[in-house]
Amino acid sequence: MSKTRIGVGIAVAVVAALGLGFLLFRFLFPGEYTPADNEIALHVRLRTEEDIGLLVYDYRADGRAFSGGISNADRSPIGRDSENVIVWEREALGSAADTVDLRIQFRIITEYVDPNFENIYPEDITRYINPISWEAHFGESRHLTITGSRADGYRAVWSD
């Protein structure tokens, strides 16, 4: 076999390996979530002093009350430096307009407990965060950072 064929074979193998590596990287570390035209995305970054059990939120969209939450499926704590995305669809919010007035209040459940549909948790492990409000536009994202600790309390601030 000639040196040229061996060189070409090695080059093809290297290019294939790099391509597979890139695809694997994109699969393991996808880019930031971009909402569709009928969605609103809220990127919630935790920068707390300790891991938390659950992140629960009560919100109002154009005056209508809803509730939701985030937990890990494997029942592990949510990491103190995690990135989470909450997505609302136009139909679920019942909005025909291009914008919706959103008001959200987060509750941190400091220890893991099994989530429930009522979002009712023991008060001794529940910490309330200052409510935030904004005019949300469908097709757009906002970024929020939650900081603090169990002992000193938590705070939500816009980070975009």
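Source: prediction; values computed, not measured.

Asks: Which parts of the structure should I look at to understand the overall build of the chain?
Replies: Scanning the chain from N- to C-terminus turns up two helices and nine strands. The N-to-C order of helical and strand elements in the chain reads α-β-β-β-β-α-β-β-β-β-β. Across the chain, contacts joining residues at least 24 apart in sequence account for 71% of those joining residues at least 6 apart. Taken as a whole, the chain presents about 9,800 Å² of accessible surface, with 56% of it coming from carbon and sulfur.

Asks: Mind showing me how you'd approach the nonpolar core here?
Replies: As a rule of thumb, nonpolar side chains are buried together in soluble globular proteins. Counting 28 residues, the largest nonpolar core has Leu42, Leu55, Trp88, Leu102, Ile104, Phe106 and Ile146 as the members making the most contacts within it. If you list the elements that add at least two residues to this core, you get β1 (39–48), β2 (54–61), β4 (83–89), β5 (99–109), β7 (132–137), β8 (141–149) and β9 (153–158). A total of five residues in this core trace back to one element, the largest contributor, which is β5. Residues contacting leucine 55, with those up to four places away along its chain left out, are Val44, Gly69, Ile70, Ile78, Phe106, Arg107, Ile108 and Ile146.

Asks: So what exactly am I meant to see when it comes to unusual backbone geometry here?
Replies: Glycine aside, negative phi is the norm for most residues, and most peptide bonds take the trans geometry. Although it is not a glycine, aspartate 62 adopts a positive phi angle of roughly 50°. For aspartate 62, the location among the structural elements is in the loop between β2 and β3 (64–70). For aspartate 62, a relative accessible area of 44% gives the class partly exposed. Here asparagine 119, not a glycine, exhibits a phi torsion of approximately 55°, which is positive. Turning to its location among the elements, asparagine 119 is positioned in the loop between β5 and β6 (126–128). Using a relative accessible area of 10% as the deciding quantity, one classes asparagine 119 as buried.

Asks: I tried to follow the packing of aromatic side chains on my own but got confused; where do I start?
Replies: Two aromatic rings, taken as a pair, are described by how far apart their centres are and by the angle between their planes. One pass over the full model with this rule turns up six aromatic pairs. Ring centres of tyrosine 57 and tyrosine 59 lie 5.8 Å apart, and the angle between their planes is 35°; this geometry places the pair in the tilted category. Like tyrosine 57, the residue tyrosine 59 is buried in the burial classification. Residues tyrosine 59 and tryptophan 88 carry aromatic rings whose centres are separated by 5.3 Å and whose planes lie at 55° to one another, so their mutual orientation is tilted. Highlighted residues: tyrosine 59 in strand β2 and tryptophan 88 in strand β4, separated in sequence by 29 residues. Accessibility assignment for this pair places tyrosine 59 and tryptophan 88 in one class, buried. Among the aromatic residues, ring-to-ring pairing joins Tyr57, Tyr59, Phe66, Trp88, Phe106, Trp134 and Trp158 into one connected group. Seen from the ring of phenylalanine 138, arginine 90 lies directly overhead, with NZ or CZ sitting 4.2 Å from the centre.

Asks: So what exactly am I meant to see when it comes to the environment of isoleucine 125 here?
Replies: With respect to the secondary-structure elements, isoleucine 125 resides in the loop between β5 and β6. Considering only alpha carbons, one finds isoleucine 125 and glycine 53, 72 residues apart in sequence, at a separation of 9.2 Å. Sequence-distant contacts of isoleucine 125, defined by excluding residues within four places in its chain, comprise Ile108, Ile109, Thr110, Glu111 and Val113.

Asks: Looking at this model, I keep getting lost on the side chain of serine 82. Mind explaining?
Replies: Tracing the backbone shows serine 82 in the loop between β3 and β4. Within polar-contact distance, the side chain of serine 82 engages the side chain of asparagine 84 at 3.1 Å. Ignoring anything within four residues of it in the chain, the contact list for serine 82 reads Val44, Arg45, Leu46 and Arg47.

Thresholds applied
- Residues numbered from 1 in each chain as written.
- Predicted model: local features only at pLDDT ≥ 70, side-chain atom pairs only at ≥ 80, totals over all residues.
- Heavy atoms only, no water.
- Helix = DSSP H or I, 4+ residues; strand = E, 2+ residues; numbered from the N terminus.
- Contact = heavy atoms within 4.5 Å.
- Areas by Shrake-Rupley, 256 points an atom, 1.4 Å probe, with all protein chains shown as cover.
- Core = buried A, V, L, I, M, F, W, Y, C linked by side-chain atoms within 4.5 Å.
- Buried < 20%, exposed > 50% of the residue type's maximum accessible area, 1.4 Å probe, protein only.
- Phe/Tyr/Trp six-rings, centres within 6.5 Å; stacked < 30°, edge-to-face > 60°.
- Lys NZ or Arg CZ within 6 Å of the ring centre and 35° of its normal.
- Polar contact = N/O pair within 3.5 Å; in protein donor to acceptor, adjacent residues only side chain to side chain.

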